[in-house]
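Secondary and tertiary structure notes
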Amino acid sequence: MRVVVIGAGATGLGVAWDLVLRGIETTVVEAQEIGSGTSGRFHGLLHSGGRYLVTDPSAAKECYEENMLLREIANEAVVATGGYFVKKYGDDDAFEARWLNQAADLGVPVHAEKVGDLRAELGMLTESIQRSYWVPDGVLEGFKMLSMLVRAIQSRGSNVLEHTKAVKLRLAGERVNGVEVQAPEGTRVLDCDAVVNTAGPWAGLVARDWGLDVKVQPSYGLMLIFANRRLDKVVNRLKSPSDGDIFVPHQEVVILGTTDVAQPSPEAPEPRRSEAIRLMALGSELIPDLGSWRVLRGFNGVRPLYEPSGVTGDSRKVSRDFAVLDHGERDGLAGAFSVLGGKWTTFRLMGETLGDQLVASFNVDSPSRSREVPIGVEVKRPAPVVKDDRGALLCECEQVYESDIKPTVSSPMQLRFGTWFSMGPCQGTFCAHRVLGRGDEDGFADELATLRREREHGLTVVGWGANARLIALEQSISAQSLGEER
Amino acid sequence: MSSKTAIVVGRGPAGMLSTSYLLQRGYQVTVLAESDGSLGMWPGDFSFGRTTDAFQAFPIELSSAEWSQAFGELVALYRSFGVTLVLPQAQDIPHTVTAIGNMRPTFATPNWQYASSEPESLVFVGIDGLADSIVGAQAATYRRRSGCEAYEVSLSRPPGWDSSWGTIRFAAYLDGDAGASWLAATLREALRGVPSGIPVVLPQVIGLEHTEKLLTQLSEVGKRSVSEFPLLSPSIGGVRVRDRWERLLRQQGVRFVSGRVREVQPVPRALLTDGRSFEADCLLLASGGVLGGGMQVTVDGAIVDELVNREVGRMDHLDALDAHGHREIDCLGGGRVLAVGRAMGGWNPNRDHNGGAMLLATVRTALGMCEEVDR
Ligand SMILES: Cc1cc2nc3c(=O)[nH]c(=O)nc-3n(C[C@H](O)[C@H](O)[C@H](O)COP(=O)(O)OP(=O)(O)OC[C@H]3O[C@@H](n4cnc5c(N)ncnc54)[C@H](O)[C@@H]3O)c2cc1C
């Protein structure tokens with residue numbers, strides 16, 4: 001059996017991994033680059049379920065179970081920081097009571113934490129905390145997990161094709177038997193027995209190309225990145241999920257999120273300054289001194305929320321749970337599936353659920369193994385690099401050396417799999433050309449311009465104080481030292 | 001001894017230029033600055049715009065005779081601290097090449113830096129172990145932009161190199177005898193097989209003190225013209241200019257005060273955050289705009305000159321940041337507090353490549369105003 005999966009985000013790679021483990025030959029086609037959709041633009045929270053206990057209990061339970069499981073099978077891409085939910089004086093008592101009840105019912109571990117102890121640990125938090133609770137939140141290293149999945153999939157003989165866009169289905173009667181794809185080399189058809197639409201926020205468009213009506217509600221969220229890891233646990237506000245109520249420590253930074261705004265397009269919109277200012281105000285309800293923290297940049301991601309009834313409106317009310325559609329049963333298009341909604345945290349479970357339905361529809365008995373098999377592939381570790389073999393220091397903020405750059409990959413997105421270049425305080429102003437210039441020579445100028453544009457937009461939303469000066473510096477370096485046209 | 005005194009706020013190119021010209025006009029000058037200014041990020045060349053008649057559209061109009069006088073004075077000034085500035089021979093605006101292989105306009109260019117009025121084939125030299133060396137990408141971009149041939153050669157890492165070597169370390173190494181002979185030998189070897197006569201451009205790390213001598217030797221070794229293309233930061237060209245210029249100014253009796261200026265009053269008076277205060281007959285505000293740190297952007301997008309407590313514009317667009325600044329050189333009225341360089345608005349050097357003209361025009365005009373009120 002051969003399957004084509006459309007979209008190399010968390011969902012697509014989770015699906016492919018589950019299928020590959022069942023011995024099914026799988027090809028993932030990705031229109032852009034691995035992780036260039038929502039999966040590369042999320043908050044980084046490995047949900048404990050705490051956030052959804054009241055509003056979305058099934059999503060909460062799934063998140064908790066997957067959280068525990070990923071610590072076992074993909075430990076390399078998970079940081080078990082733990083997290084707190086804090087209730088301020090005046091926040092809804094009834095919500096807190098329901099939240100505690102749900103935690104007990106669903107088996108999500110929650111421990112009361114003395115407010116004094118919490119403030120001793122995280123002194124920057126507001127003084128008006130009434131109660132606080134510890135939960136097993138964690139941090140999910142998205143790019144690392146994606147690259148582990150890609151390696152795991154490839155090591156078992158299946159394929160992930162970037163810059164390859166699925167455009168049409170080829171049918172034999174009512175049954176899918178191929179997917180027409182467009183790639184730089186041209187258009188061709190990949191033969192297959194089944195196709196899975198995991199195009200995230202684009203999933204509605206992919207389904208429309210198939211002549212089907214699937215209601216995906218794209219909803220974007222803004223996140224702000226702060227320099228320095230001033231917190232080393234996740235901090236959530238204990239109230240009904242809302243905007244600007246979570247801080248997540250991520251490597252050397254802290255990310256505050258998010259907002260939730262329904263929009264028609266699946267593309268991430270340019271971040272807006274007014275929204276950044278609002279997020280700062282909301283965040284300072286938890287951290288009063290937030291205004292003095294150095295913001296590195298802001299970025300938007302687009303949630304692929306699935307609304308089965310097709311009623312859109314308040315996107316916070318659309319479930320965070322996921323759905324698998326068998327279009328054979330639903331629409332009479334045999335061999336076509338969609339996996340919709342969900343969270344990064346539940347990517348594996350989404351893969352398993354799809355896999356179960358897919359093999360069942362082919363009457364094959366092949367159980368899922370993604371629960372047991374570790375995702376990290378044993379890689380032969382290169383001999384530890386001695387100091388002077390690292391080559392030149394390219395990115396001073398993130399300490400990226402020449403030897404950290406893999407010569408086979410060239411796109412900025414791919415480079416980020418291995419390094420954090422351009423993510424630090426200078427946002428690539430001094431290092432972007434050094435890193436990209438060591439990759440594809442002909443595409444270099446375009447890649448550099450693209451990266452700069454992206455960084456500038458990210459900076460502009462938070463373009464006040466030191467950031468405004470950095471923007472001025474970046475613009476002047478780019479025009480005057482590098483001679484880029486503006 | 002002269003009785004005229006001046007304060008210059010800022011130690012970037014506008015501040016240094018103001019200081020030198022004030023000295024020439026007999027002022028006693030005190031320079032107040034928190035840190036070094038942008039000279040270490042600037043290659044040291046003066047741009048004029050994309051065409052020679054660009055000045056028609058400049059916010060400050062000077063006649064072409066005044067421009068030639070201004071550039072003549074600039075060349076003489078650079079010569080006084082030991083840097084030779086080359087002016088274009090013809091009417092054409094010359095270009096230089098950048099670290100990524102683009103051609104950008106230049107005008108008055110230190111003689112170590114590549115400048116040419118016609119695109120031509122070039123040999124790009126990379127040095128292994130130098131972070132900014134990306135000859136492959138640089139040559140590819142140059143070929144596309146110029147339509148000319150670009151040869152690439154790479155030199156191995158110098159002996160004793162380690163990953164901590166940045167541009168300054170490379171330059172210091174090449175300043176020494178061992179470095180100089182290493183470079184001559186490896187370059188001679190590397191140029192074998194590259195057609196003769198084609199000019200060579202090297203990354204701008206060829207010494208701090210002995211650059212001119214080194215480049216002359218290399219031209220003899222390579223039997224062709226050898227010059228540098230500027231890098232980003234620290235930009236060794238700017239560092240050379242800065243160091244030589246400052247040395248001269250100190251010899252000439254300029255007082256450099258480090259400290260952060262908090263407020264400038266029309267008296268004119270400058271108040272520092274540490275409580276010190278300075279007064280003079282005139283004050284040149286060379287605080288560099290948003291880039292230099294003299295202006296701040298508030299959370300709601302206002303661009304404010306904090307020193308004189310005045311809103312000068314709004315940051316509504318990405319590309320407008322640079323063009324904001326004071327509308328009048330005489331920024332407080334009264335003719336004694338004068339905004340120069342990027343503190344002046346209306347110029348957009350990133351777009352127009354006329355930063356050098358902006359410096360000269362604003363500083364000259366400000367000096368005229370100082371002398372006017374002193375009369
Ligand atoms: C602001 C924000 C914060 C979030 N925070 C968290 C969090 O903290 N924790 C968490 O668990 N989850 C979080 N999420 C949710 C999580 O990020 C998403 O659920 C998850 O990344 C979705 O992955 P995906 O693979 O479905 O979609 P995507 O990652 O968007 O992948 C879809 C891919 O399909 C490709 N594609 C589209 N059309 C085609 C085509 N025709 N042919 C080929 N390829 C195509 C796209 O290029 C894209 O790469 C957050 C989401 C947002 C928006």
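Rules of the game
- Numbers given for residues are sequential positions, taken from 1 along each chain in its written order.
- Naming scheme: in the order in which they are written, chains are lettered from A and ligands are numbered from 1.
- A pLDDT threshold of at least 70 governs which residues receive local features in this predicted model, and a stricter bar of 80 or more applies before side-chain atom pairs are shown or counted, although totals over entire chains, interfaces and linings include all residues.
- No hydrogens and no water enter the side-chain calculation; it runs on all heavy atoms of the structure.
- Runs of E in the DSSP output that reach at least two residues are strands. Runs of H or I that reach at least four are helices, and both are numbered from the N terminus.
- When we talk radius of gyration, it's over C-alpha atoms, and the globule rule is simply 2.2 Å times the number of residues to the 0.38.
- Only protein chains enter the area calculation, which uses a 1.4 Å probe; residues under 20% of their type maximum are buried, those over 50% are exposed, and those in between are partly exposed.
- In what follows, residue pairs with any heavy atoms lying within 4.5 Å of each other are defined as contacts.
- Method for areas: the Shrake-Rupley scheme with a 1.4 Å probe, in which residue coverage is limited to the protein chains shown.
- Positive charges come from Lys and Arg alone, negative charges from Asp and Glu alone, with His and the N- and C-terminal ends not counted.
- Charge positions come from single atoms, namely NZ of Lys, CZ of Arg, CG of Asp or CD of Glu.
- By definition, two strands form a pair when at least two bridges between them are found by DSSP.
- Once two parts are brought into contact, the accessible area they lose, counted with a 1.4 Å probe and summed over both, makes up the buried area.
- Identification of polar contacts relies on pairs of N or O atoms within 3.5 Å, with a donor-acceptor requirement for protein atoms, meaning one able to donate a hydrogen and the other able to accept it, and with residues adjacent in sequence counted only if both atoms are side-chain atoms.
- Residues are grouped as follows: nonpolar covers Ala, Val, Leu, Ile, Met, Phe, Trp, Tyr, Cys and Pro; charged covers Asp, Glu, Lys and Arg; every other residue, Gly included, is treated as polar.
- The axes are straight lines fitted to the C-alpha atoms, using for helices just the contacting stretch, and the angles between their N-to-C directions are given from 0 to 180°.
- Working definition: roughly parallel below 35 degrees, roughly antiparallel above 145 degrees, roughly perpendicular at 65 to 115 degrees, and oblique for all remaining angles.
- Note that domain bounds follow an automatic or database assignment of domains.
- Think of a salt bridge as a Lys or Arg side-chain nitrogen and an Asp or Glu carboxyl oxygen that are within 4 Å of each other.
- Between the first and last residue of a helix there are one fewer steps than residues, each counted as 1.5 Å, and that sum is the expected span.
- Residue types Ala, Val, Leu, Ile, Met, Phe, Trp, Tyr and Cys, when buried and joined through side-chain atoms within 4.5 Å, form a set referred to as a nonpolar core.

The next thing to look at is the overall build of chain A. Regarding its fold elements, chain A presents 13 helices and 23 strands. The C-alpha atoms of chain A give a radius of gyration of 23 Å, which matches the 23 Å a tight globule of 486 residues would have. Projected onto its principal axes, the C-alpha coordinates of chain A cover approximately 65 × 60 × 45 Å. Across the 486 residues in chain A, those meeting the buried criterion constitute 60%. For chain A, long-range pairs separated by at least 24 residues make up 71% of all intrachain contacts whose partners lie at least 6 apart in sequence. Accessible surface, chain A: about 18700 Å² in total, of which carbon and sulfur atoms supply 49%. Distance between charge centroids for chain A: 3 Å, based on 54 positive and 66 negative side chains.

Our next topic: the overall build of chain B. Each helix and strand counted, chain B has 10 helices and 19 strands in total. Computed over C-alpha atoms, the radius of gyration of chain B comes to 22 Å, within 12% of the 21 Å expected from 2.2 N^0.38 for 375 residues, which places it in the range of a compact globule. Taken along its principal axes, the extent of the C-alpha atoms in chain B is 65 × 45 × 40 Å. Counting only residues that meet the buried cut, chain B has 61% of its 375 residues in that class. Within chain B, contacts between residues at least 6 apart in sequence are counted, and of these 64% link residues at least 24 apart.

All names here are of chain A. An order of β3-β8-β4 is seen for the three strands of this open sheet, with the pairing classed as antiparallel. Edge positions in the open sheet fall to β3 (45-46) and β4 (78-79), since each of these has one partner strand only. Looking at chain direction, β3 and strand β8 (residues 138-140) are connected through two bridges and run antiparallel. Among the inter-strand pairings, L45 is bridged to a residue of β8, identified as V139.

With 43 residues of chain B at the contact, the number on the chain A side is 44 residues. Both faces combined, the contact of chain B with chain A buries some 3800 Å², and carbon together with sulfur accounts for 55% of it. Counting across the chain B and chain A interface gives 16 residue pairs in polar contact (both at pLDDT 80 or more). At the level of elements, α3 (135-146), α8 (289-292) and α9 (349-352) of chain B are the ones that each hand at least two residues to the side of chain B that touches chain A. The element contributing the most residues to the side of chain B that touches chain A is α3(B), with six residues. Here the residues of the side of chain B that touches chain A sort into 18 nonpolar, 14 polar and 11 charged.

All names here are of chain B. Strands sit in the order β8-β7-β9-β10 across an open sheet of four strands; the sheet is parallel. Looking along the sheet, the strands with just one partner apiece sit at the ends: β8 (150-155) and β10 (226-229). Taken pair by pair, the neighbouring strands of this sheet meet at an average axis angle of 30°, ignoring direction. In this sheet, strand β9 (residues 200-203) lies alongside strand β7 (residues 122-127) in parallel orientation, the contact comprising two bridges. Directly across from F124, in β9, lies its bridge partner V201. Contacts from α3 reach β7, β8 and β10 within the one sheet, and its direction differs from that of β8 by about 170°.

All names here are of chain B. In the contact formed by helix α4 (residues 167-175) and helix α5 (residues 177-190), the axes pass within 4 Å of each other and the chain directions differ by 90°. Of the possible angle classes, the one that applies to α4 and α5 is roughly perpendicular. Facing Y173, L174 and D175 of α4, the residues of α5 in contact are D177, A178, G179, A180, W182 and L183. Residues belonging to the contact of α4 with α5 are distributed by class as follows: six nonpolar, one polar and two charged.

What follows covers the domain arrangement of chain B. Here chain B is partitioned into domain 1 (5-68 + 257-374) and domain 2 (114-229). Look at where the C-alpha atoms of domain 1 of chain B and domain 2 of chain B centre, and you get two points 35 Å apart.

Here we come to the pattern of salt bridges. For the structure shown, the criterion picks out 49 salt bridges over all chains. Across the pair A:D91 and A:R237 runs a salt bridge whose closest N-O atoms are separated by 2.8 Å. Here A:D91 is found in the loop between β5 (83-88) and α3 (93-106), whereas its partner A:R237 is found in strand β15 (residues 234-237), with 146 residues between them in sequence. Residue A:D91 is classed as buried on the basis of its relative accessible area, which comes to 10%. Accessibility expressed as a relative area gives 9% for A:R237, which makes it buried. Among the salt bridges present, the one from A:D93 reaches A:R131, with a minimum N-O distance of 3.7 Å. Here A:D93 is found in helix α3, whereas its partner A:R131 is found in strand β7 (residues 129-135), with 38 residues between them in sequence. Take A:R131: its relative accessible area is 32%, and that puts it in the partly exposed class. Beyond isolated ion pairs, a larger network of salt bridges with shared partners links B:R11, B:D36, B:R242, B:D243, B:E246 and B:R250.

This next bit is on helix α1 (residues 13-24) of chain B. Residues and elements named next belong to chain B. Over its 12 residues, α1 runs 17 Å from end to end, which matches the ideal 16 Å to within 8%, given 1.5 Å per residue. Taking burial as the measure, the 12 residues of α1 include 11 buried ones, the bulk of the element. Three or more residues of α1 are buried, namely P13, A14, G15, M16, L17, S18, T19, S20, Y21, L22 and L23. Count one or two residues on from α1 and you reach G26, which has phi positive near 90°.

This part is about the pairing of β5(A). All names here are of chain A. The element β5 is extensively covered by neighbouring structure, given that six of its six residues are classed as buried. Burial along β5 is two-sided: G83, F85 and K87 facing one way and Y84, V86 and K88 facing the other are all buried. Where β5 meets β7, six bridges bridge the pair, whose relative direction is antiparallel. Bridge pairing in β7 links G83 to V135. Bridge count between β5 and β15: four bridges; the pairing is parallel. Across the sheet, residue G83 finds its bridge partner in β15, namely V234.

Here the focus is the nonpolar core. Generally speaking, a soluble globular protein has its nonpolar side chains buried in company with each other. Ranked by internal contacts, the top residues of the largest apolar core, which has 149 residues, are B:L17, B:F46, B:W67, B:L74 and B:Y78. For this core, the element with the most residues is helix α10 (residues 355-374) of chain B, which contributes nine residues. Composition of this core by domain shows at least three residues from each of domain 1 (5-68 + 257-374) and domain 2 (114-229) of chain B. Residues in contact with B:L17, not counting those within four places in the same chain, are B:F46, B:L74, B:L77, B:W245, B:L359, B:L360 and B:V363. If you look at the next biggest cluster of nonpolar residues, it comprises 47 residues, including A:V3, A:A8, A:M148 and A:A152.

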